[in-house]
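# Secondary and tertiary structure notes
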Amino acid sequence: MDNRDAVSAFLRSRRDRITPEQAGLPTYGRRRVPGLRRGEVAALAGVSVEYYTRLERGSLRGVSDSVLDALAQALRLDETERMYLYDLARAAGPAPGARPRQRAARPAVRPSVARIVEGMPELPAFVMNDRLDVLAANPLGRALYSQMYADPACGGNVARFAFLHPAAERFYADWERMARFAVGALRVGAGKNPHDRELSNLIGELSTRSDAFRVMWGSQDVHVFRMTTKRLHHPLVGDLELDQETMNLPDESGLSVVVYSAPPGTASADGLKLLASWSATDGQEQDARPHPTSAPPPPRP
């Protein structure tokens with residue numbers, strides 16, 4: 001798969017958002033472009049206009065790290081955008097004669113990682129990949145996302161749940177913020193793995209079925225989940241404000257462990273305890289699956 005279109009769209013979008021004033025450049029007369037001109041970016045990056053034009057047309061194959069750094073500085077890229085630019089360059093291919101980089105095998109959740117997730121019964125915990133597929137979850141994690149698990153059409157995918165499930169906009173109190181983060185994370189995944197057919201299919205499906213996704217995807221924004229706070233409305237326990245920590249596994253799998261928590265003594269901590277009580281009941285699985293659009297049953301006395 002050629003990533004020239006992705007490279008071109010990203011560089012143009014970053015150029016368009018910077019004004020000459022922000023870049024410290026003088027302006028003369030009326031401008032026909034919303035941001036910087038190609039020649040201005042080239043001057044800021046210390047390359048020729050012809051060379052930058054080739055880059056913006058999507059040709060990052062064999063570009064040196066020093067040029068990428070200069071380009072990132074000229075376009076005022078943040079850490080995540082800089083990482084994405086490097087991923088695009090790596091995906092474009094090495095310089096002629098360089099040793100090709102081997103792709104990692106299809107990642108799987110190691111048993112030791114699964115035991116870690118299962119060993120946190122009081123915290124919702126998950127293992128996710130770059131496509132936002134939930135590959136493993138402990139009982140409290142499955143209870144927190146009970147609506148996603150109750151609908152087989154979601155396929156255990158957080159992005160598919162967020163954009164295609166009717167309950168998602170109520171579940172995520174900050175739905176638009178979360179949705180933009182999900183889109184940005186998928187774009188980072190696509191930058192790393194442009195040959196991932198499942199990811200390409202997911203993006204195509206969401207673009208076809210969700211106007212909101214299509215608009216957000218066109219923004220070219222990127223995002224990496226690290227630490228954040230999520231406000232959720234669970235159909236059983238009500239409002240929850242949870243801290244999210246995302247820890248990337250130190251290997252080539254691209255998998256992450258995601259854990260939610262709440263400060264002790266808060267209403268959200270009490271809500272998690274109630275949810276844990278419900279998830280421990282024998283009837284949770286059979287009660288949730290036949291009713292994909294209904295709220296889960298109350299805990300047994």
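Scroll up for the structure.
The sections below set out a description of the structure shown in this document. (Residues numbered from 1 in each chain as written. Predicted model: local features only at pLDDT ≥ 70, side-chain atom pairs only at ≥ 80, totals over all residues. Heavy atoms only, no water.)

Below, the discussion takes up unusual backbone geometry. Of note, the phi angle at Leu132 is positive, near 65 degrees, even though the residue is not glycine. Inspection of the secondary structure puts Leu132 in the loop between strand S1 (125-128) and strand S2 (134-137). Phi is positive for Gln220, close to 70 degrees, though the residue is something other than glycine. Structurally, the position occupied by Gln220 is in the loop between helix H14 (211-217) and strand S3 (227-234). Under the relative-accessibility criterion, Gln220 is labelled buried at 9%. (Helix = DSSP H or I, 4+ residues; strand = E, 2+ residues; numbered from the N terminus. Buried < 20%, exposed > 50% of the residue type's maximum accessible area, 1.4 Å probe, protein only.)

A few words on helix H5 (residues 65-74). Buried within H5 we find Val67, Leu68, Leu71, Ala72 and Ala74. Buried residues in H5, looked at end-on, bunch into an arc of 165 degrees, giving them a common side. Among the exposed residues of H5, those oriented more than 90 degrees off its buried face are Ser66 and Gln73. Those residues of H5 hidden inside the fold are in contact with helix H1 (4-16), helix H3 (38-45), helix H4 (49-56) and helix H6 (79-92). (Arc of directions from axis to C-beta. Contact = heavy atoms within 4.5 Å.)

A word on the side chain of Arg131. Checked against the element boundaries, Arg131 lands in the loop between S1 and S2. Side chain to side chain, Arg131 and Asp133 meet in a polar contact 3.0 Å long. A distance of 2.8 Å separates a polar atom in the side chain of Arg131 from a polar atom in the side chain of Asp196. (Polar contact = N/O pair within 3.5 Å; in protein donor to acceptor, adjacent residues only side chain to side chain.)

In contact at an axis separation of 7 Å, H6 and helix H12 (residues 175-192) are set at 30 degrees when each is read in the N-to-C sense. Relative to H12, the element H6 is oriented roughly parallel. Residue-level inspection shows Thr80, Met83, Tyr84, Asp87, Leu88 and Ala91 of H6 in contact with H12, the latter providing Arg187, Val188, Gly191 and Lys192. Its residues placed into classes, the contact of H6 with H12 shows 5 nonpolar, 2 polar and 3 charged. (Axes fitted to C-alpha atoms, helices over the stretch in contact; angles between N-to-C directions. Parallel < 35°, antiparallel > 145°, perpendicular 65-115°, else oblique. Nonpolar A, V, L, I, M, F, W, Y, C, P; charged D, E, K, R; others polar.)

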